Amino acid sequence: MPSTSGDEKQIKLGLFETPVLNVGGMTTWTHPENQTHRYADLSYWVETAQRLQDATFDFCFLADSYGHGEIGGARPDVNAREAMELPRLDPMLLVPAMAHAAQQLGFVVTASTVFEPPFANARRFSTLDHLTRGRVGWNVVTSSFAESASANFGRPMVPHDERYAMAEDHLLTTYAVLEGSWEDDAVLADKASRTYADPAKVHRVTRTGPYFSVDGYSNTAASPQRTPVLFQAGTSKAGLGVGARHAECVFLQGSTKARLAEHVATLDRLAVEAGRAPGSVKTMVGLSVVVAPTREEAERRYAEYLALNTRESAIASYALFTGIDLGAHDPDAPFAGIRTEMGQSQVERHARTDGPGPTVGDVIEAHRTRGSRGMVAVGSPDDVVEQVLDLADSTGVDGFLLEPFVQPGSVVDVAEHVVPRLRAAGRFRTEYTEDTLRERMFGAGRRHLPADHPGAAARTWATA
Ligand SMILES: Cc1cc2nc3c(=O)[nH]c(=O)nc-3n(C[C@H](O)[C@H](O)[C@H](O)COP(=O)(O)O)c2cc1C
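Residues numbered from 1 in each chain as written. Predicted model: local features only at pLDDT ≥ 70, side-chain atom pairs only at ≥ 80, totals over all residues. Heavy atoms only, no water.

Asks: Lay out the site of the ligand with the relevant residues and their values.
Replies: Lining the immediate environment of the ligand, one finds 22 residues, of which Asp 64, His 160, Tyr 164, Ser 236 and Ser 345 sit closest. Note that an oxygen atom of the ligand is positioned 2.6 Å from one of the side-chain N or O atoms of Tyr 164. Thr 235 is positioned such that a nitrogen or oxygen atom in its backbone is 3.4 Å from an oxygen atom of the ligand. Compared with its free state, where it exposes 620 Å², the ligand has 90% of that area covered by protein. For the shell around the ligand, the elements supplying multiple residues, two or more each, are strand 4 (136–141) and helix 6 (160–180). Counted by class, the shell around the ligand contains eight nonpolar, 13 polar and one charged residues. (Near = heavy atom within 4 Å. Polar contact = N/O pair within 3.5 Å; in protein donor to acceptor, adjacent residues only side chain to side chain. Areas by Shrake-Rupley, 256 points an atom, 1.4 Å probe, with all protein chains shown as cover. Helix = DSSP H or I, 4+ residues; strand = E, 2+ residues; numbered from the N terminus. Nonpolar A, V, L, I, M, F, W, Y, C, P; charged D, E, K, R; others polar.)

Asks: Before we move on, could you go through the packing of aromatic side chains and cite the residues and values that matter?
Replies: Counting across every chain of the model gives 14 aromatic pairs. The interplanar angle of 85 degrees and the centroid separation of 6.1 Å between the aromatic rings of Tyr 66 and Phe 115 together place this pair among those described as edge-to-face. Remark: Phe 115 occurs in the loop between strand 3 (106–112) and helix 4 (118–131) and Tyr 66 occurs in the loop between strand 2 (59–62) and helix 2 (77–81); sequence separation between them is 49 residues. Taking the relative accessible area as the measure of exposure, Phe 115 reaches 5% and is therefore buried. Residues Tyr 318 and Phe 335 carry aromatic rings whose centres are separated by 6.5 Å and whose planes lie at 75 degrees to one another, so their mutual orientation is edge-to-face. In this pair, Tyr 318 is assigned in helix 10 (residues 311–322) and Phe 335 in the loop between helix 10 and helix 11 (345–351), connecting sequence segments 17 residues apart. Since its relative accessible area comes to 0%, Tyr 318 is described here as buried. One aromatic cluster in this structure is built from Phe 16, Phe 59, Phe 61, Phe 231 and Phe 251. Sitting over the face of the ring of Phe 405, Arg 373 holds its NZ or CZ atom 4.2 Å from the ring centroid. The ring of Phe 442 carries Arg 446 above its face, with NZ or CZ at 4.1 Å from the centroid. (Phe/Tyr/Trp six-rings, centres within 6.5 Å; stacked < 30°, edge-to-face > 60°. Buried < 20%, exposed > 50% of the residue type's maximum accessible area, 1.4 Å probe, protein only. Lys NZ or Arg CZ within 6 Å of the ring centre and 35° of its normal.)

None of the figures reported here should be taken as evidence of function without further support.
Have a look at this one:
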C-alpha cells in the first residue's frame, strides 16, 4: 500500500458509459457477466447511477454519436451481428432519471457541435443543469463516425480541421445564450408585485458568427452553472487548440506514460498561451481496470475479455473511428503514412513509436487487444492501486475515466477493491462535499466559468 503524505493530488474518477452494447472499440457484450444487453432498460441506468454514487465517483460520462461504421460505403455484417455502435439510445434522455436516483453524482453528456444547433443544445443543457441543480457537463465533440453521421443528416462531411472551426463558433454562440441573456438575479418570483423577472436583467443577445448566429433571449433563465462544465477530447493539433482555449477537462487516451505526460504538459502550455491560468484544464485518461482478489484471477479474466475480440471486429471497429479499412492493406506494409479526415487520435496513437514503426498487421492486433481504450491496469487490488497511483503521479493527469470491459462487473470490482484503497491512501474522497460539478472539479465557490475563460466575456451585463 502506498504511503500517505497528505499533500498528494486527489484523484478524479468518472465512468465511461453509453446506451449501446459495447464500449471502447471492443466486442465484449457476449461475456456472461456483461449486462449491457439491458441498455434500453431504465432500471439498468438507475442502478448504474446509484452504484457510482455509492462509490463517490465524480461523474458518469455518457458518450454519443449519430454515426455508424462503414467500410467502402457499406456497413459490414459484423457490425450488426456484434452490435457495434448500433443500436443505441439518446443518452441525454437518461439523465433526469439517473440524476433523480443519485442526487449527488455528476453527469457528463456528449453533444456534437456539427449536428446540434447551438440554441437548442444550450437549452437542453441548461434544462439538465436546472433539473440536476448544477451537476452537468458537456462533452464537446466534433463527431466520431463523422462521415456516416453526415450522411444521416443529408449533408456532406465537413473536413476535420473545419469541424474544429465550427466547434469554436458553436461554443462562442453557446456562451452568448447561456452567459449573456439572464443576469444572476433576474428572477424575482415575487407574486405580490406581479414580477417574475426583472425586465432590465433579461438581455437580448445578438451574435453573428461564420457558422452560427443568435438574435434573441435564452429560453431558460440562468441555471446553477450557466454553461455546463466543458469536457473535450481529441489530440490532433486542431483538437488541442480548441481544448486549450475552451475545455475545463480533457479526456486523453494515451498509449504510454511518456506520451500522456507530454499531452498533459502541452495542454497546460497551450491553455496558458491562450490567456488562462496554469492548471485551468484538468486531464483525465481512459483506464480499463481488471482487478480480482489475486493477480492470476485478474489475468485470467483479462485474457477472457480479449479473446472476445476478433480480427474481423477489430478491422470494422478501426474503420468506425477512422474511416480506414486496414483489411484492404498488406498486413506487412508499414502503417505510417495512412491519413484520414475522420478522427485522427486513433491514427496518431500508432503513428509514432520509439523503434521502427508498426505494420498494418500490428495496428490491427493492437486495436483487437486495446480497441479505442486508453491505459490498462490488471492485477490484484494492491497491484492495481500501485499502477493507478504511478500513472497519476508520473504523468500529471488529474484522474481516470473507467472504461469497463463488462457492466456492472467492472464498476463493482473497482468499487470493492480499488476505491477503499485509494481512500485509505488519502487520494480519493470518502463523501461529496461540493454542490455543483464545476465545484467538484475545481473547488468550492467555482460555480461558473472563471474570468479568464472565453465564456466569461459573454457576460456583458456584468461588465456594462
Ligand atoms: C474518452 C473519450 C471519449 C470520447 N467520446 C466521444 C463521443 O462520445 N462522441 C464522439 O463523437 N467522439 C468522442 N470521442 C472522440 C473525440 O471527441 C475526438 O473526436 C477524437 O478523439 C478524434 O479527435 P482528433 O481528430 O482531434 O484527434 C471521445 C474520445 C475520448 C478520448
